[in-house]
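# Chain and residue survey
Here are the chains, one letter per residue:
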Amino acid sequence: MKKVIIGFSMLFLAVLGMQCSPPDDDVYWNNVEVEIKDAIKVENKANYIVGDTLFFELNFSRYLEEEGYSNLLDIYETSGVDEFTYSFGLLKYSAFSDIYEGVNIDDQYIIAEKGLIGDYSQPSAILNSNKDTYESRIGIILKEEGEYQLDFDYMYISSAYNTDKPRVGLNHIISEANPLLLNFTVSK
(Lines give C-alpha, C1' and ligand atoms only; values in the text may rest on other atoms or scores of the structure.)
Protein backbone atom coordinates (compact mmCIF):
# COMPACT_ATOMS: atom_id res chain seq x y z
CA MET A 1 0.00 0.00 0.00
CA LYS A 2 2.86 2.31 0.87
CA LYS A 3 4.37 1.78 -2.62
CA VAL A 4 1.03 2.66 -4.29
CA ILE A 5 0.72 5.90 -2.31
CA ILE A 6 4.32 6.87 -3.15
CA GLY A 7 3.70 6.02 -6.83
CA PHE A 8 0.53 8.16 -6.98
CA SER A 9 2.31 11.00 -5.17
CA MET A 10 5.16 10.96 -7.68
CA LEU A 11 2.70 10.87 -10.60
CA PHE A 12 0.77 13.79 -9.11
CA LEU A 13 3.97 15.84 -8.67
CA ALA A 14 5.08 15.07 -12.24
CA VAL A 15 1.73 16.22 -13.68
CA LEU A 16 1.77 19.30 -11.46
CA GLY A 17 5.31 20.13 -12.64
CA MET A 18 4.27 19.91 -16.29
CA GLN A 19 1.34 22.24 -15.66
CA CYS A 20 3.58 24.84 -14.01
CA SER A 21 5.97 25.32 -16.92
CA PRO A 22 5.46 28.58 -18.79
CA PRO A 23 3.77 28.35 -22.21
CA ASP A 24 6.66 30.11 -23.93
CA ASP A 25 9.27 27.50 -22.96
CA ASP A 26 9.35 26.25 -26.54
CA VAL A 27 10.12 29.74 -27.84
CA TYR A 28 13.04 30.12 -25.42
CA TRP A 29 14.69 26.97 -26.73
CA ASN A 30 13.90 27.75 -30.37
CA ASN A 31 17.20 29.08 -31.70
CA VAL A 32 18.20 30.06 -35.22
CA GLU A 33 21.91 29.86 -36.10
CA VAL A 34 23.41 31.67 -39.12
CA GLU A 35 26.99 32.32 -40.27
CA ILE A 36 28.30 35.70 -41.32
CA LYS A 37 31.68 36.32 -42.87
CA ASP A 38 34.21 39.14 -42.48
CA ALA A 39 31.84 41.53 -40.70
CA ILE A 40 34.61 42.88 -38.42
CA LYS A 41 36.77 45.74 -39.63
CA VAL A 42 39.69 46.81 -37.42
CA GLU A 43 41.20 50.26 -37.91
CA ASN A 44 44.43 48.98 -36.52
CA LYS A 45 47.92 50.38 -36.78
CA ALA A 46 51.04 48.56 -35.68
CA ASN A 47 51.99 51.31 -33.20
CA TYR A 48 49.99 53.55 -30.89
CA ILE A 49 50.82 56.11 -28.22
CA VAL A 50 49.28 56.00 -24.74
CA GLY A 51 46.00 57.91 -24.99
CA ASP A 52 45.26 56.91 -28.60
CA THR A 53 42.00 55.14 -29.42
CA LEU A 54 41.84 51.91 -31.39
CA PHE A 55 38.55 51.43 -33.29
CA PHE A 56 36.82 48.39 -34.72
CA GLU A 57 33.45 47.97 -36.38
CA LEU A 58 30.93 45.18 -36.62
CA ASN A 59 28.34 45.71 -39.36
CA PHE A 60 26.03 43.10 -40.84
CA SER A 61 22.88 43.08 -42.91
CA ARG A 62 19.43 42.51 -41.50
CA TYR A 63 18.96 40.00 -44.35
CA LEU A 64 21.27 36.99 -44.20
CA GLU A 65 21.72 33.76 -46.12
CA GLU A 66 20.55 30.72 -44.22
CA GLU A 67 21.93 27.33 -45.15
CA GLY A 68 19.35 25.18 -46.93
CA TYR A 69 17.03 28.07 -47.86
CA SER A 70 16.86 30.10 -51.09
CA ASN A 71 15.28 33.20 -49.49
CA LEU A 72 17.23 35.49 -47.20
CA LEU A 73 16.47 35.30 -43.49
CA ASP A 74 15.21 38.58 -42.01
CA ILE A 75 16.88 38.43 -38.60
CA TYR A 76 14.95 41.47 -37.36
CA GLU A 77 11.58 39.83 -38.09
CA THR A 78 12.83 36.49 -36.75
CA SER A 79 14.23 37.81 -33.47
CA GLY A 80 11.98 40.84 -33.02
CA VAL A 81 14.90 42.87 -31.63
CA ASP A 82 17.06 45.71 -32.89
CA GLU A 83 20.12 44.80 -30.80
CA PHE A 84 22.73 42.04 -31.12
CA THR A 85 25.37 41.67 -28.41
CA TYR A 86 28.85 40.27 -28.91
CA SER A 87 32.18 40.05 -27.17
CA PHE A 88 35.84 40.48 -27.96
CA GLY A 89 39.07 40.05 -26.09
CA LEU A 90 41.98 42.36 -25.44
CA LEU A 91 45.18 40.53 -24.58
CA LYS A 92 48.46 41.95 -23.27
CA TYR A 93 51.81 40.21 -23.54
CA SER A 94 53.35 39.17 -20.21
CA ALA A 95 57.09 38.58 -20.08
CA PHE A 96 56.58 36.67 -16.81
CA SER A 97 54.46 33.99 -18.44
CA ASP A 98 55.64 34.48 -22.07
CA ILE A 99 52.01 34.55 -23.31
CA TYR A 100 49.26 37.04 -24.05
CA GLU A 101 46.86 37.31 -21.13
CA GLY A 102 43.34 38.72 -20.99
CA VAL A 103 42.85 42.33 -19.93
CA ASN A 104 39.67 43.67 -18.34
CA ILE A 105 38.76 47.08 -19.73
CA ASP A 106 37.26 49.60 -17.33
CA ASP A 107 34.03 51.11 -18.70
CA GLN A 108 35.61 54.58 -18.88
CA TYR A 109 38.08 53.36 -21.53
CA ILE A 110 35.62 51.86 -23.99
CA ILE A 111 33.34 54.00 -26.14
CA ALA A 112 30.64 53.38 -28.72
CA GLU A 113 30.40 55.77 -31.66
CA LYS A 114 27.71 53.46 -33.07
CA GLY A 115 25.93 50.77 -31.11
CA LEU A 116 25.94 50.44 -27.34
CA ILE A 117 28.21 49.36 -24.51
CA GLY A 118 26.39 47.19 -21.97
CA ASP A 119 27.31 45.53 -18.71
CA TYR A 120 30.85 44.20 -18.41
CA SER A 121 31.92 46.34 -21.40
CA GLN A 122 29.93 44.13 -23.77
CA PRO A 123 29.20 45.92 -27.06
CA SER A 124 25.99 45.67 -29.09
CA ALA A 125 25.31 46.30 -32.75
CA ILE A 126 22.08 48.28 -33.23
CA LEU A 127 19.73 48.33 -36.23
CA ASN A 128 20.36 51.60 -38.11
CA SER A 129 17.71 54.21 -38.96
CA ASN A 130 17.25 52.73 -42.47
CA LYS A 131 16.37 49.43 -40.74
CA ASP A 132 18.69 47.47 -43.07
CA THR A 133 22.01 47.03 -41.20
CA TYR A 134 23.09 46.29 -37.63
CA GLU A 135 26.02 48.59 -36.80
CA SER A 136 28.59 49.18 -34.10
CA ARG A 137 31.81 51.17 -33.97
CA ILE A 138 33.70 50.60 -30.75
CA GLY A 139 36.77 52.43 -29.48
CA ILE A 140 39.28 51.34 -26.85
CA ILE A 141 41.25 54.17 -25.27
CA LEU A 142 44.76 52.75 -24.79
CA LYS A 143 46.06 53.68 -21.33
CA GLU A 144 49.06 51.42 -20.75
CA GLU A 145 52.26 50.66 -22.61
CA GLY A 146 52.81 47.15 -23.89
CA GLU A 147 52.32 44.62 -26.65
CA TYR A 148 48.66 43.85 -27.28
CA GLN A 149 46.41 41.66 -29.35
CA LEU A 150 42.71 41.93 -30.19
CA ASP A 151 40.98 38.56 -29.97
CA PHE A 152 37.88 37.78 -32.03
CA ASP A 153 38.51 34.01 -32.15
CA TYR A 154 35.54 33.10 -29.95
CA MET A 155 33.21 35.94 -30.92
CA TYR A 156 29.56 34.93 -30.94
CA ILE A 157 26.86 37.42 -31.86
CA SER A 158 23.46 36.94 -30.27
CA SER A 159 20.11 38.71 -30.43
CA ALA A 160 18.85 40.31 -27.26
CA TYR A 161 16.30 38.20 -25.37
CA ASN A 162 12.71 38.40 -26.58
CA THR A 163 10.10 36.14 -24.94
CA ASP A 164 7.89 36.09 -28.06
CA LYS A 165 10.51 35.22 -30.71
CA PRO A 166 13.38 32.80 -31.26
CA ARG A 167 16.90 33.82 -30.38
CA VAL A 168 19.15 34.38 -33.40
CA GLY A 169 22.83 33.50 -33.06
CA LEU A 170 25.45 34.52 -35.59
CA ASN A 171 28.72 32.63 -35.94
CA HIS A 172 31.33 35.05 -37.28
CA ILE A 173 33.85 33.60 -39.72
CA ILE A 174 37.09 35.40 -40.58
CA SER A 175 38.23 34.30 -44.04
CA GLU A 176 41.86 33.72 -44.94
CA ALA A 177 41.41 36.14 -47.85
CA ASN A 178 40.54 38.94 -45.41
CA PRO A 179 42.84 38.50 -42.38
CA LEU A 180 42.69 40.99 -39.54
CA LEU A 181 45.75 42.78 -38.19
CA LEU A 182 45.34 42.08 -34.50
CA ASN A 183 48.76 42.73 -32.92
CA PHE A 184 49.86 46.22 -31.93
CA THR A 185 52.20 48.05 -29.57
CA VAL A 186 51.42 50.97 -27.25
CA SER A 187 54.29 53.22 -26.18
CA LYS A 188 54.72 56.60 -24.43
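All values reported here derive from a predicted model rather than from experimental measurement.

It is worth spelling out the overall build of the chain at this point. Across its full length, the chain carries 3 helices and 17 strands. Counting the 188 residues in the chain, one finds 35% classified as buried. If you take every contact in the chain between residues at least 6 apart in sequence, the share linking residues at least 24 apart comes to 72%. When the accessible surface of the chain is totalled, it reaches about 12000 Å², and 52% of it is carbon and sulfur.

Moving on to the environment of Y134. In this fold, Y134 is placed in strand β13 (residues 133-141). Judged by relative accessible area, Y134 falls into the buried class, the value being 0%. Placed 58 residues apart in sequence, Y134 and Y76 show a C-alpha to C-alpha distance of 9.5 Å. A polar contact is formed between the side chain of Y134 and the backbone oxygen of V81, at a distance of 2.8 Å.

Before going further, it helps to examine the side chain of S94. With respect to the secondary-structure elements, S94 resides in strand β8 (residues 89-94). The buried category is assigned to S94, whose relative accessible area is 12%. A polar contact is formed between the side chain of S94 and the backbone nitrogen of S97, at a distance of 3.4 Å. Here S94 is in contact with I99 and E101, once residues within four sequence places are set aside.

On to the pattern of salt bridges, then. One pass over the full model with this rule turns up 8 salt bridges. For the salt bridge of E113 with R137, the shortest nitrogen-to-oxygen distance reads 2.5 Å. Separated by 24 residues along the polypeptide, E113 in strand β10 (residues 110-114) and R137 in strand β13 bring together distant segments of the chain. For K114, the salt bridge is made with E135, and the minimal N-O distance between the two is 3.9 Å. Linking K114 in strand β10 with E135 in strand β13, this pair joins segments that are 21 residues apart in sequence. Given a relative accessible area of 40%, K114 falls into the partly exposed group. What emerges from the salt-bridge pattern is a single network uniting E43, E57, E113 and R137.

Backbone-to-backbone hydrogen bonds pair the strands of a sheet. The strands run either parallel or antiparallel. With respect to topology, 5 strands assemble into an open sheet ordered β3-β17-β14-β8-β9, the strand pairing being mixed. If you trace the sheet from one side to the other, it starts and ends with β3 (47-49) and β9 (99-102), each paired once. Sheet twist, expressed as the mean angle between neighbouring strand axes with direction ignored, is 35°. Direction of pairing for β3 relative to strand β17 (residues 183-187): parallel, over a ladder of 3 bridges. From the neighbouring strand, N47 faces β17, where its bridge partner is T185.

Aromatic rings in a pair are described by how distant their centres are and how their planes are angled relative to each other. Counted according to the given criterion, the structure contains 9 aromatic pairs. On the basis of an interplanar angle of 65° and a centroid distance of 4.9 Å, the ring pair of F56 and F88 is categorised as edge-to-face. One end of the pair, F56, is in strand β4 (residues 53-61); the other, F88, is in the loop between β7 (83-85) and β8, with 32 residues separating them in the sequence. By the burial criterion, F56 is buried, and F88 matches it. With centroids separated by 5.3 Å and ring planes inclined at 75°, the aromatic side chains of F56 and F152 adopt a geometry described as edge-to-face. Placement of F56 in strand β4 and of F152 in the loop between β14 (146-151) and β15 (156-159) is noted, with a sequence separation of 96 residues between them. Of the two residues examined, F56 and F152, each falls in the buried class.

Analysis parameters
- Residues numbered from 1 in each chain as written.
- Predicted model: local features only at pLDDT ≥ 70, side-chain atom pairs only at ≥ 80, totals over all residues.
- Heavy atoms only, no water.
- Helix = DSSP H or I, 4+ residues; strand = E, 2+ residues; numbered from the N terminus.
- Buried < 20%, exposed > 50% of the residue type's maximum accessible area, 1.4 Å probe, protein only.
- Contact = heavy atoms within 4.5 Å.
- Areas by Shrake-Rupley, 256 points an atom, 1.4 Å probe, with all protein chains shown as cover.
- Polar contact = N/O pair within 3.5 Å; in protein donor to acceptor, adjacent residues only side chain to side chain.
- Salt bridge = Lys/Arg side-chain N within 4 Å of Asp/Glu carboxyl O.
- Pairing = 2+ DSSP bridges.
- Axes fitted to C-alpha atoms, helices over the stretch in contact; angles between N-to-C directions.
- Phe/Tyr/Trp six-rings, centres within 6.5 Å; stacked < 30°, edge-to-face > 60°.

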